[in-house]
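Architecture and fold: a report
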Amino acid sequence: MRPIPLQGESMTTTAVSPSVLLSNDLLTGAEWSPAHTRELLHLSAEIKAHPARYAEVLRGRFLALIFEKPSLRTRVTFEVGIQSMGGRVIFLDHTQARLGERESIADVARNLERWVHGIVARVYEQRVLEEMAASADIPVINALSDKFHPCQALADFFTLEEKFGALKGLKLAYVGDGNNVCHSLIFLAARLGVNLRIATPDNYAPDADVLADSKRVARETRAKIELFTDPREAVDGVQAVYTDAWTSMGFEAEEKVRSEIFKPYQVNRKLMALADPDAVFMHCLPAHRGCEVTPEILDGPQSVVLEQSENRMYVQKAILQTLYR
């Protein structure tokens, strides 16, 4: 492809050649090594502490935000983050027409790479992100798919690092559906040396391929990835308890069945009492009070859900800094 010029530059410039911009996309959270993942969290802390130092990183660059799903946190944190680094945002609303319906995903990606310097996409299917990344030579960032949510999980571990310091050996319990958030927590726990305990009903465990990759990495970092069906066993003595909605977007037809199956997995006062006395409660939001978590836990003193939301912006700025430096 032709290099896309920075704003105000002529078409002869090679300042933003993809070979300079991109070493890899962020599609799953498993692309980066343990060392690189730790560096990204350190960079997030630096950006949070000194945002003015990074105010020109994206100067002259345009990024397309493509959203098939509605969003509060993801859209606002990316838009504010990009603009606070000097970049511009082009928002493409695909909540009415899915990618691939009007024209092929490959054609969308090949056209966008002629105009913008990166794509941030929030989609229903992981395959859409993979096809975009294969078709375009600009960075593609996963802002949520059916299988992974890497930006969220990175912000979660950054929040835990702020609260507890070193992550190595920290005990985190995830209780509920083995979904996209769970998958990204698994990938990153393995890379950061975290002991992750996952409690799900029998037929809702995380994917075997995600577990296999993470257990391979965990041998290097001495992380532990453990599966349970009893949430009480998973939560016993941990420093953080995490849950997510029982029915993710795209699975609404299963809501009634899921609400019955997941009832024993509700995070309430009784379950949190099994964790360490200083344990925190985590949720990626939006939450459903009275379903996966009770109001006294979600809104109580142990909750760090708003810190997680705030930290999405700093982690995403660190991702952009990494891809564009």
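These notes cover the structure that comes with them. (Residues numbered from 1 in each chain as written. Predicted model: local features only at pLDDT ≥ 70, side-chain atom pairs only at ≥ 80, totals over all residues. Heavy atoms only, no water.)

**Brief notes about the packing of helix H2 (residues 34-49) against helix H13 (residues 305-324)**
Between H2 and H13, whose axes approach to 8 Å, the crossing angle comes to 115°. Like other packed secondary-structure pairs, H2 and H13 cross with a definite hand, here right-handed. In this structure, H2 uses His36, Leu40, Leu43, Ser44, Ile47 and Lys48 to contact H13, whose residues at the interface are Glu310, Asn311, Tyr314, Val315, Lys317, Ala318, Ile319, Gln321 and Thr322. Looking at the contact of H2 with H13, its residues break down into 7 nonpolar, 5 polar and 3 charged. (Axes fitted to C-alpha atoms, helices over the stretch in contact; angles between N-to-C directions. Helix = DSSP H or I, 4+ residues; strand = E, 2+ residues; numbered from the N terminus. Left-handed = near helix turned anticlockwise from the far one by under 90°. Contact = heavy atoms within 4.5 Å. Nonpolar A, V, L, I, M, F, W, Y, C, P; charged D, E, K, R; others polar.)

**Thoughts on the sheet that holds strand S3 (residues 118-122)**
Strand order in the open sheet formed by 4 strands is S2-S1-S3-S4, and the pairing between neighbours is parallel. Every interior strand has two partners, whereas the edge strands, strand S2 (88-93) and strand S4 (140-142), have only one. Each strand axis lies, on average, 20° off the axis of its neighbour in the sheet, ignoring direction. Of the pairings in the sheet, the one linking strand S1 (residues 62-67) to S2 comprises 6 bridges and is parallel in character. The residue of S2 that forms the bridge with Leu63 is Val89. (Pairing = 2+ DSSP bridges.)

**A closer look at helix H7 (residues 180-192)**
With 13 residues, H7 extends 18 Å between its outermost C-alpha atoms, agreeing within 8% with the 18 Å of an ideal straight helix rising 1.5 Å per residue. Summarising burial for H7: 13 of the 13 residues are buried, a large majority. Its side-chain oxygen placed 3.2 Å from the backbone nitrogen of Val181, Asn179 serves as the N-cap of H7. One or two residues past the end of H7 sits Gly193, with phi positive at roughly 75°. (Expected span 1.5 Å × (residues − 1). Buried < 20%, exposed > 50% of the residue type's maximum accessible area, 1.4 Å probe, protein only. Polar contact = N/O pair within 3.5 Å; in protein donor to acceptor, adjacent residues only side chain to side chain.)

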